[in-house]
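One letter stands for each residue in the lines below.
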Amino acid sequence: MASASTSKYNSHSLENESIKRTSRDGVNRDLSEAVPRLPGETRITDKEVIYICPFNGPIKGRVYITNYRLYLRSLETDSALLDVPLGVISRIEKMGGATSRGENSYGLDITCKDMRNLRFALKQEGHSRRDMFEILTRYAFPLAHSLPIFAFLNEEKFNVDGWMVYNPVEEYRRQGLPNHHWRITFINKCYELCDTYPPLLVVPFRATDEDLKRVATFRSRNRIPVLSWIHPENKTVIVRCSQPLVGMSGKRNKDDEKYLDVIRETNRQISKLTIYDARPSVNAVANKATGGGYESDDAYHNTELFFLDIHNIHVMRESLKKVKDIVYPNVEESHWLSSLESTHWLEHIKLILTGAIQVADKVSSGRSSVLVHCSDGWDRTAQLTSLAMLMLDSFYRSIEGFEILVQKEWISFGHKFASRIGHGDKNHADADRSPIFLQFIDCVWQMSKQFPTAFEFNERFLMTILDHLYSCRFGTFLYNCESARERQKVTERTASLWSLINSNKDTFKNPFYTKEINRVLYPVASMRHLELWVNYYIRWNPRIKQQQPNPVEQRYMELLALRDEYIKRLEELQLANSAKLSDPSTSPSSPSQMLPHVQTHF
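Residues numbered from 1 in each chain as written. Predicted model: local features only at pLDDT ≥ 70, side-chain atom pairs only at ≥ 80, totals over all residues. Heavy atoms only, no water.

Time to look at the overall build of the protein. Looking only at helices and strands, the protein features 21 helices and 16 strands. The buried share of the protein, reckoned over its 602 residues, is 52%. Partitioning the contacts of the protein with sequence separation of at least 6, the portion at a separation of at least 24 is 71%. Carbon and sulfur atoms form 51% of the exposed surface of the protein, whose accessible area is close to 27,800 Å². (Helix = DSSP H or I, 4+ residues; strand = E, 2+ residues; numbered from the N terminus. Buried < 20%, exposed > 50% of the residue type's maximum accessible area, 1.4 Å probe, protein only. Contact = heavy atoms within 4.5 Å. Areas by Shrake-Rupley, 256 points an atom, 1.4 Å probe, with all protein chains shown as cover.)

Spelled out as structure tokens, the structure:
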């Protein structure tokens, strides 16, 4: 069935048409040059359309569709107008009907996950829209058509293997683990304890594997408290988990209570374990009705509990929709500040950063070890632990360190990327979709603005991560957890995003970076110091594009290149001079002749 439909689509394909076309200047153009293609990327079809550009009005063009991208070239200027990975597409709708009147009223309306919409007008005769709709739907939503996601077809080769970036044993060893108080356990090697946790976990030395099994029965999804990070000096820790299964009747579990006390006792200098519940308190109480809950004072002695008031995935999804409404296609100029405020987006960013600052401060001061959870421990929990670790540990502020942080706290600990992003899935209205990881990257960007020399990576690095969060070109963000990735052999059958980045590191480096060890970053999380990430959220607007690249950064890069050039010339002159000195026939007659004369602009 699939092969039949494939041949049907290929009847419209570029391969079956005349491969040579005569351009306006009379030169034969090879179509393979018209569309950039990755190894493993195949052309499906092309069609003449009118692109309804929200900034420049209707433009006649030819759209090319491959199994990876939608690519549009202008027929008037022969320039590329759009290059959109199909994974970015969230929804495809038909616009107008066969009887629609009016110019450009019949065509397709495409909603994207990266803050833009695309509209194409087509001719009403000859089912031209139907063909394009069916092909786009088929390749943008491959899971609904029993097709592989493009990452499994991608044949790109890189000189660096990004899958080798994160080795959990090496990362824990870098933190000084295992030690006398914490051990590595392989109890989850076959994902039997918890199917959404990684195989390797760090737990208190005094807790046996049998203890862990009993604790798992009282934690949502069996996501027990495990170590994320340990302070190198004061030995306080950040521990993550899911909510306890207290329920309406206020159930207790002695094993869980004892386990939290064992975590506290791994550091003899602290009297209390601090629990940060990411949820608003009303939500935590409401979760009791569905069997969840929180750690009450009477059951969990020697703990203190704080609620961080960060809202759930549904609130965040609606907030981002409102941001899109005010930035695309046109920026809401007349009431910009009030419109931005009404989205509550920066308010949510503020609450996430404030929570992470509290976690980092507790641990950095040595006053307390910290346990973080939300409901299931894979959304808000990941935001808080990873941001706190970024504030505390300068290693994570390097390019590879940040990649390890994402692999560890987000990918290996089961943030539900497939559900939150909807890779290859046509159900755009799925209630599980939510921009949780986007919020984390936004928080990192806010920190990089406040500490411009603290991060090895630049803005392009963060934007590239977000672009490939949706693109489906790499296997990095596919599936909800490690057990699913292992079943699908993701590391064997796909390339890693870190391969692309680490093969072109210079592109992603911050020229102002100054490496500092053990410096804790405390960003200011007040609304006065937070701003909308314009270069990401409003980047499709041509007026915004004109502001890139950053002129200060560009000039700094030029000066660095100039410096490197002079150093190279100096080294060459020194080499030439030392060769002359070693040759007795060219021995200088006076000491002044021994000094090379190097002129520089400095």
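Next comes the rest of the description.
The next point concerns helix α3 (residues 128-140). With 13 residues, α3 should reach 18 Å at 1.5 Å per residue; the first-to-last C-alpha distance of 18 Å fits that figure. Counting buried positions along α3 yields ten of 13 residues, so the element is predominantly enclosed. Buried within α3 we find S128, R129, D131, M132, I135, L136, T137, R138, Y139 and A140. (Expected span 1.5 Å × (residues − 1).)

Spatial ordering of the open sheet is given by β6-β5-β4-β3-β9-β8-β7, a layout of seven strands whose pairing is antiparallel. Both edges of this open sheet fall to β6 (80-85) and β7 (89-95), since each of them pairs with a single strand only. Neighbour to neighbour, the strand axes of the sheet diverge by 30° on average, direction disregarded. For strand β3 (residues 43-53) and strand β9 (residues 117-121), the ladder comprises two bridges, and the chain directions are antiparallel. Each residue of the ladder has a partner; that of Y51, found in β9, is F120. (Pairing = 2+ DSSP bridges. Axes fitted to C-alpha atoms, helices over the stretch in contact; angles between N-to-C directions.)

Here we take up the packing of helix α11 (residues 380-392) against helix α12 (residues 399-412). As a packed pair, α11 and α12 sit with axes 10 Å apart at the nearest point and diverge in direction by 150°. On the basis of their axis angle, the class for α11 and α12 is roughly antiparallel. Considering the relative orientation of α11 and α12, their crossing is right-handed. Contacts from A382, Q383, T385, S386, M389 and L390 in α11 reach F402, L405, K408, E409 and W410 in α12. (Parallel < 35°, antiparallel > 145°, perpendicular 65-115°, else oblique. Left-handed = near helix turned anticlockwise from the far one by under 90°.)

Summarizing the sequence annotation, UniProt attributes the feature "binding site: substrate" (unreviewed entry) to N312, I313, C374, S375, D376, G377, W378, D379 and R380 in the numbering used throughout. Spanning 69 residues, the named residues nonetheless gather at one spot, since no C-alpha pair among them exceeds 12.5 Å. Take S375: it is sitting in the loop between β16 (369-373) and α11. Under the relative-accessibility criterion, S375 is labelled buried at 15%. Take G377: it is sitting in the loop between β16 and α11. Those residues within four positions of G377 in sequence are excluded, and the remaining contacts are R223, R240, C241 and S242. (UniProt positions renumbered as here; feature names shortened; annotations may be inferred.)

Now for the sheet that holds strand β12 (residues 226-230). With mixed pairing, five strands are arranged side by side in an open sheet as β12-β13-β16-β14-β15. The two strands at the open ends of the sheet, each matched to only one other strand, are β12 and β15 (303-307). Taken over all neighbouring pairs, the strand axes of this sheet differ in orientation by 25° on average, direction set aside. Two strands pair when backbone bridges link them, and β12 and strand β13 (residues 237-240) are joined in this way by four bridges, in the antiparallel orientation. Bridging across to β13, L227 finds its partner in V239. In the packing of helix α6 (residues 254-265) onto the sheet, contacts are made with β13, β14 (273-277) and β16, and the angle to β14 comes to roughly 120°.

Glancing now at unusual backbone geometry. The residue after L177, namely P178, is reached through a cis peptide bond having omega 0°. Residue P329 follows Y328 across a cis peptide bond; omega there is 0°. Looking at the secondary structure, you find P329 in the loop between α8 (313-327) and α9 (336-343). Positive phi, close to 60°, is recorded for D309, a residue that is not glycine. The backbone of C472 shows a phi angle near 65°, a positive value even though the residue is not glycine. Position of C472 among the secondary structure elements: in the loop between α15 (459-471) and α16 (482-487).

This part takes up the nonpolar core. What tends to happen in soluble globular proteins is that the nonpolar side chains get buried as a cluster. With 114 residues, the main nonpolar core has F120, L136, F402, F437, F440, I465 and Y537 as its most contacted residues. It is helix α10 (residues 345-365) that contributes the most residues to this core, ten residues altogether. Split by domain, the residues of this core number at least three in each of domain 1 (43-140) and domain 2 (168-551). Residues in contact with F120, not counting those within four places in the same chain, are V49, I50, Y51, L70, L72, L82, M95, Y106, G107, L108, I110 and M132. By size, the runner-up hydrophobic cluster in this structure holds 33 residues, among which are L200, V215, L227 and A299. (Core = buried A, V, L, I, M, F, W, Y, C linked by side-chain atoms within 4.5 Å. Domains from an automatic or database assignment.)

All chains considered together, the criterion is met by 41 salt bridges. As a salt-bridge pair, E171 and R174 come within 2.9 Å of each other at their nearest N and O atoms. Linking E171 with R174, this pair stays in helix α4 (residues 168-174), spanning three residues, or about one helical turn. Relative accessible area serves as the criterion here: at 3%, E171 is assigned to the buried category. R539 is paired through a salt bridge with D467; the nearest N and O atoms lie 2.6 Å apart. (Salt bridge = Lys/Arg side-chain N within 4 Å of Asp/Glu carboxyl O.)

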